[in-house]
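Per-entry structural report
Next come the chains, spelled out residue by residue.
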Amino acid sequence: QVQLVESGGGLVQPGGSLSLSCAASGSIFSINTMAWYRPAPGKQRELVATITSGGNTNYADSVKGRFTISRDNAKNTVYLQMNSLKPEDTAVYYCNAELVKYGTSWYNAYWGQGTQVTVSS
């Protein structure tokens, strides 16, 4: 069984910072891409940022220059450093990982339970 557990959400004032983390655990052989998503109007979830196992990153235009995604492959953990937060960043942030479980040879996507980020004065 595989679990993704997020932490680090909370309430912050506009212009402030928060750091999220997501740790994957269980019968994991390898992890390819890890990512953060959040709900968006007209979409189930909007891609916020992704990072490959090699460290290549990609960001939504709305967060470029403000958010930084990173990962620790030894800990199967992905992070999201959020700076200069805006009220429109308020959302539940979901962690996603494409990984191969032991005993299999294909990638499946797994999701965390979500962590609330609220940006308000």
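Residues numbered from 1 in each chain as written. Predicted model: local features only at pLDDT ≥ 70, side-chain atom pairs only at ≥ 80, totals over all residues. Heavy atoms only, no water.

Looking now at the overall build of the protein. When its secondary structure is counted, the protein shows zero helices and eleven strands. Along its sequence from the N terminus, the protein presents helices and strands in the succession β-β-β-β-β-β-β-β-β-β-β. Relative to the compact-globule value of 14 Å for 121 residues, the protein shows a C-alpha radius of gyration of 14 Å, a close match. Dimensions along the principal axes, computed over C-alpha positions, put the protein at roughly 50 × 30 × 25 Å. Across the 121 residues of the protein, 41% fall into the buried class. Across the protein, the fraction of contacts at a sequence separation of at least 24, relative to all contacts at a separation of at least 6, is 55%. Distance from the positive charge centre (9 side chains) to the negative charge centre (7 side chains) of the protein: 2 Å. (Helix = DSSP H or I, 4+ residues; strand = E, 2+ residues; numbered from the N terminus. Rg over C-alpha atoms; globule rule 2.2 N^0.38 Å. Buried < 20%, exposed > 50% of the residue type's maximum accessible area, 1.4 Å probe, protein only. Contact = heavy atoms within 4.5 Å. Lys, Arg positive; Asp, Glu negative; His and termini not counted. Charge placed at Lys NZ, Arg CZ, Asp CG, Glu CD.)

Enumeration over the complete set of coordinates arrives at one disulfide. For Cys22, the disulfide goes to Cys95, at an S-S distance of 2.1 Å. Judged by the sign of its S-S torsion, about -80 degrees, the cystine formed by Cys22 and Cys95 is left-handed. Here Cys95 lies in strand β9 (residues 91-101) and Cys22 lies in strand β3 (residues 18-26), a separation of 73 residues in the sequence. Here Cys22 and Cys95 have matching classes, each one buried. (Disulfide = S-S within 2.5 Å.)

Now for unusual backbone geometry. Peptide bonds are trans in most cases, and residues, glycine excluded, mostly fall at negative phi. Backbone geometry places Asn76, a non-glycine residue, at a positive phi of 50 degrees. With respect to the helices and strands, the residue Asn76 is situated in the loop between β7 (67-72) and β8 (77-82). Of note, Ser84 is a non-glycine position whose phi angle comes to about 50 degrees, a positive value. Here Ser84 shows up in the loop between β8 and β9. When its relative accessible area of 43% is taken as the criterion, Ser84 is described as partly exposed.

Before going further, it helps to spend a moment on the side chain of Arg38. Mapped onto the secondary structure, Arg38 falls in strand β4 (residues 28-40). Within the structure, the side chain of Arg38 is placed 3.1 Å from the side chain of Asp89, a separation counted as a polar contact. Setting aside residues no more than four positions away along its own chain, Arg38 makes contact with Arg45, Glu46, Val48, Ser62, Val63, Phe67, Asp89, Ala91, Val92 and Tyr93. (Polar contact = N/O pair within 3.5 Å; in protein donor to acceptor, adjacent residues only side chain to side chain.)

In short, the description is geometric, and any link to function would need to be established separately.
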